[in-house]
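As a plain string of letters, each chain reads:
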Amino acid sequence: MSRLLLVSNRLPVTVKADKDGVSVVRSAGGLATGLRGPHERSGGLWIGWPGDVSRLTPQQRASVEAQLAELRCVPLYLSASEVSRFYEGYSNRTLWPLCHYLIDRIPEQERDWDVYRKVNERFADLVARHYQPGDTIWVHDYQLMLVPAFLRARLPQARIGFFFHIPFPSSEIFRTLPHRADLVRGLLGADLIGFHTITYVRHFSSTLMRLLGLETVVDRVAYDGREVRLGAFPMGIDAQAFENLAKEPAVLEEVRTHREKSSELRLLLGVDRLDYTKGIPRRLLAVQRLLEREPTWRGRLRFVQVAVPSRTAVADYAAYRDKVDELVGRINGLYGSVHNVPVHYLYRSFNERQLTALYRAADVMFVTPIRDGMNLVAKEFCAARPDEDGVLVLSEFAGAADEMGDAVMVNPYDVEGMADALEAALEMPEEERRTRMRNLRARVKEYDVHWWVRSFLDELQATPTPPPRVEPAGAEEALAQLREAQCLLLLIDYDGTLVPFAPKPELASPDAELLDLLQRLASRRDTRVHIVSGRPRETLEAWFGGLPLGLHAEHGLWSRPAPGAPWTSQEGVTTDWKNLVRPVLEAFAARVPGAFVEEKSGSLAWHYRQVDPVFGARQARELRLHLGEVFAHGPLEVLPGDKVVEVRARGVNKGRVVALVTQDMSPGTRVVAIGDDRTDEDLFAALPEGSLAIHAGGKDTRARYRVKGPPEVRRLLSSLLVG
Ligand SMILES: O=P(O)(O)OC[C@H]1O[C@H](O[C@H]2O[C@H](CO)[C@@H](O)[C@H](O)[C@H]2O)[C@H](O)[C@@H](O)[C@@H]1O
Ligand SMILES: O=c1ccn([C@@H]2O[C@H](COP(=O)(O)OP(=O)(O)O)[C@@H](O)[C@H]2O)c(=O)[nH]1
Ligand SMILES: [Mg+2]
């Protein structure tokens, strides 16, 4: 097992100072429990914030450090201003509400981004300082979204995983953030990015498509010369520990006390951090509604709501507390009696043992967040019910709902519906309760936190470490080799290689600087230049006809190898299939706003560069499937390109040009091909031994050299002309 470096905003410990000194105690939370084994066994480190230690004396600080070291924890201290701007600020005032679809809670003017960025960089620096070759790094959660990219820049060969614990929202929500692209690029520094549900994975991949034009193929995204994997890994709990607690005599004694204290009453339970995502007000209103419309339940229900103080320095949390306080007061005022009140509201935190006793005593567990990444409480409740009783009422907007189909599902925005569900839960026959609980427990026990850690780390270990990169220095190296060659034969793609993409193909015409560059290049001693493009020959003729270049159109179907020579086409290529394919492409263009069909002499192309990127990519996949089905085994080839699906006769590809132009080549000539697209890979594959292939861009390629894009291609070619 390789050494694990765990990175999370909070360390899995709590620092407690009292009159007897200062102590560091392990936290009980899911992440802490699940990762404890692998952390200890791998001999690795856990890097994070130990909480506010500003009031400690220097001696106490030293004692904390020693105790942390003992637990293999490395502290990253946050200053008061960092706590307020990185943690309370950007993380909890912006990212938190955004990911929970509450964009109205985000400050109108964001001022904390720079601190968020700096703290993420500090985390990366600290991790890099402790990294040893062979280590596996696992970064957690929304507070640290930029850490993977900062780490990738420092440690290009490291294996980096990232887990996002909260919902990844629809791209329509995510793209409202001013720094949306930076955050997404930050995550893409990882090799594997995990989420709780496939819905979050789907939202993340449409965000990639919309913001960066990156397509996810099954579970992989090609980015910056690497492959990034995405996956759903629903987090579990330490189910065995909760089950064991639930069977302990002392806990059972506490359960009995809870029940005796409410012997004539049915017990409803809610357990949450006091967070505005948890849906507590509408949950209270649902209880109120039930009591209002069904007087028979009055005096027969006790709703225990545990609310753990959380992020109290953030104003929205304080306001939320007021709202909950007020509602509790109102309901108790309305439906309480001299002897009893319906809502028992406990604003404090409980330990696992106390929680387990409550879970086990409850008739109905009421979990109704308006959004929640997962919600572990729902799972803990089931694990704590070896008696196979108790009903879970669960919000369909919690990640846990995807796995817990045997819960009574509710829409947490629908108060009346929740009152109905509550009543159904209270009246559910015993047999149904048992069947549901048995199924829930089987799932919670099998897919526990240990399964979660194992499956994520196994997947991360299975990702190949990134290949050694040919960095821009590779381009310098390529230049040195080009300079050394006696004679040069350059085969250069046009779109995406010499010019950037334009919204319409006809707008990407060559500028004066490019024409001059090509003219001078072709006039260089012992240098021949060919343009190898997918464009029609009329276009190439119009743009470059006057230059001393070889021209190759429609991926090599047509060639004019030298100025003044006639255009000739590849032999044996038919075009009668076009009448069958054209109507299909036109039908797809008509139903996809922004798409259009381009006709070339040897091919038909369906372009979608102006289409909504997610819809466009989906339609392109549909089109390819459709064409594949209808024209299977025919003389056709369907080629996916960059925002284009091209249909042409089989056997036509850019590779064909190589044989044509190298037949009369003088000895000692170095062939150099430059391209950005899939179609250029055919060209690279056909090159004779000793040639140079240069990929322009960040895609997967067989080329040995890589430059960033058109500006760098031009720079490379210009450098050939000097010295
Ligand atoms: O560290 P705090 O600001 O005090 O907040 C506590 C944690 O809250 C969030 O929990 C989330 O993770 C759970 C486990 O994956 C998941 O079940 C839940 O739905 C999430 O809300 C937060 O993501 C953590 O980073 C915080 O430490
Ligand atoms: O008084 C309490 C209430 C809750 N919890 C724990 O806090 C976690 C809450 O996790 P969840 O995923 O439900 O929500 P989050 O607070 O992470 O958004 C669960 O493990 C609970 O056992 C606790 O230790 N004491
Ligand atoms: Mg191209």
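Worth saying up front: this structure is predicted, and the values here are computed from it rather than measured.

Draft legend 1. The arrangement of the overall build of the protein in detail. Within the protein, the regular secondary structure consists of 25 helices and 29 strands. If one aligns the C-alpha atoms of the protein with their principal axes, the spans along those axes are about 105 × 65 × 45 Å. Out of the 723 residues belonging to the protein, those deemed buried represent 55%. The long-range share in the protein, meaning contacts at least 24 apart out of those at least 6 apart in sequence, stands at 71%. Here the protein displays about 30600 Å² of accessible surface, and carbon together with sulfur accounts for 50% of that area.

Draft legend 2. Representation of the coordination of the magnesium ion (ligand 3). Ligation of the magnesium ion (ligand 3) by protein atoms is provided by D493 (OD), D495 (O) and D676 (OD), these donors lying 2.0 to 2.2 Å from the ion. Mapped onto the sequence, the donors of the magnesium ion (ligand 3) take the spacing D-x1-D-x180-D. One exposure class covers both D493 and D495, and it is buried.

Draft legend 3. Fine view of the site of ligand 2. Every residue near ligand 2 is listed here: V271, R273, K278, V306, V308, S349, F350, L355, N375, L376, V377 and E380. Note that an oxygen atom of ligand 2 is positioned 2.7 Å from one of the backbone N or O atoms of F350. V377 is positioned such that a nitrogen or oxygen atom in its backbone is 3.2 Å from an oxygen atom of ligand 2. For ligand 2, whose accessible area on its own is 540 Å², the fraction buried by protein is 76%. Breaking the shell around ligand 2 down by element, the ones donating at least two residues are β12 (266–273), β13 (301–308) and α14 (376–383). Ranked by residue count, the leading element in the shell around ligand 2 is α14, at 3 residues.

Draft legend 4. The pattern of salt bridges, seen in detail. Considering all chains together, one arrives at 55 salt bridges under this definition. In this structure, K379 engages E403 in a salt bridge whose closest nitrogen and oxygen atoms are separated by 2.8 Å. Remark: E403 occurs in the loop between β16 (391–395) and β17 (408–410) and K379 occurs in helix α14; sequence separation between them is 24 residues. The buried category is assigned to K379, whose relative accessible area is 2%. We note a salt bridge from K578 to E599, for which the minimum N-O separation is 3.1 Å. Note that K578 is positioned in helix α21 (residues 578–591) and E599 in strand β23 (residues 596–599), a separation of 21 residues in sequence. Overlapping salt bridges bring together R289, E292, R293, E294, E416, D420 and E423 as one network.

Draft legend 5. Up close: the sheet that holds strand β11 (residues 226–232). With mixed pairing, the 9 strands of this open sheet are ordered in space as β5-β4-β1-β6-β7-β8-β11-β10-β9. A strand with exactly one partner marks an edge of an open sheet, and here the two such strands are β5 (73–75) and β9 (216–217). Inspection of the sheet shows strand β10 (residues 220–223) paired to β11 by 4 bridges, in the antiparallel sense. Paired with V221 across the two strands is V228, which belongs to β11.

Draft legend 6. Region of the structure containing the packing of α14 against helix α16 (residues 430–446). The contact between α14 and α16 brings their axes to 9 Å, and the two run at 110°. Viewed along their axes, α14 and α16 adopt a mutual orientation that is roughly perpendicular. The hand of the α14/α16 crossing is left-handed. In this structure, α14 uses K379, F381, C382 and A383 to contact α16, whose residues at the interface are M437, L440, R441 and V444. Taken together, the residues of the contact of α14 with α16 sort by class into 6 nonpolar, no polar and 2 charged.

Draft legend 7. Structural context of the pairing of strand β6 (residues 136–140). With 5 of 5 residues buried, β6 lies mostly within the body of the structure. Burial along β6 is two-sided: T136, W138 and H140 and I137 and V139, pointing in opposite directions, are all buried. Note that strand β1 (residues 4–10) and β6 share 4 bridges and pair parallel. Looking across to β6, one finds that L4 is bridged to T136. Between the parallel elements β6 and strand β7 (residues 159–163), the chain passes through helix α5 (residues 147–154) in a crossover that is right-handed.

Draft legend 8. Local environment of the site of ligand 1. In the vicinity of ligand 1 there are 17 residues, among which R10, Y87, D141, H165 and D372 approach most closely. A distance of 2.5 Å is found between an oxygen atom of ligand 1 and a side-chain nitrogen or oxygen belonging to Y87. Backbone polar atom of N375 to an oxygen atom of ligand 1: 3.1 Å apart, as the coordinates give it. Each residue belonging to the shell around ligand 1 can be placed in one class, and the counts come to 7 nonpolar, 5 polar and 5 charged. In terms of domain composition, the shell around ligand 1 takes at least three residues from each of domain 1 (4–232) and domain 2 (239–446).

Cut-offs and rules
Within each chain, residue numbers correspond to sequence positions counted from 1 in written order. Here chains are named by letter from A upward and ligands by number from 1 upward, in the order in which they appear as written. This being a predicted model, a pLDDT of at least 70 is required before a residue's local features are given, and a value of 80 or more before pairs of side-chain atoms are given or counted; all residues contribute to the totals for chains, interfaces and linings. By convention in this description, side-chain values take in all heavy atoms of the structure and omit both hydrogens and water. Secondary structure elements follow DSSP: runs of H or I no shorter than four residues count as helices, runs of E no shorter than two count as strands, and numbering proceeds from the N terminus. Whether a residue is buried, partly exposed or exposed follows from its accessible area with a 1.4 Å probe, protein chains only, as a fraction of its type maximum: under 20%, in between, or over 50%, in that order. Here, two residues are considered to be in contact whenever any of their heavy atoms come within 4.5 Å of each other. Accessible areas in this description were obtained via Shrake-Rupley with a 1.4 Å probe; residue shielding takes into account the shown protein chains only. A donor here means any N, O or S atom no more than 2.8 Å from the metal (3.2 Å for Na, K and Ca); water is not included, so a site may seem to lack partners. Whether a residue is near a molecule or strand depends on its heavy atoms: it is near if one of them lies within 4 Å of it. We call two N or O atoms a polar contact when they sit within 3.5 Å, provided that within protein one can donate a hydrogen and the other can accept it, with sequence-adjacent residues counted only if both atoms are side-chain atoms. Between Lys or Arg on one side and Asp or Glu on the other, a salt bridge is scored when a side-chain nitrogen of the former is within 4 Å of a carboxyl oxygen of the latter. DSSP calls a pair of strands paired once it identifies at least 2 bridges connecting them. Axis lines are fitted to C-alpha atoms, over the contacting stretch for helices. Their N-to-C directions set the angle, which ranges from 0 to 180 degrees. These descriptions rest on fixed angle ranges, namely under 35 degrees for roughly parallel, over 145 for roughly antiparallel, 65 to 115 for roughly perpendicular, and the rest for oblique. By definition, turning the near helix anticlockwise from the far helix through less than a right angle yields a left-handed crossing, and turning it clockwise yields a right-handed one. Any residue outside Ala, Val, Leu, Ile, Met, Phe, Trp, Tyr, Cys, Pro, Asp, Glu, Lys and Arg is labelled polar, Gly included; the first ten of those are nonpolar and the last four are charged. When the strands point away from the viewer, a crossover counts as right-handed if the path from the first strand over the helix to the second runs clockwise. All the domain ranges listed were derived from an automatic or database domain assignment.

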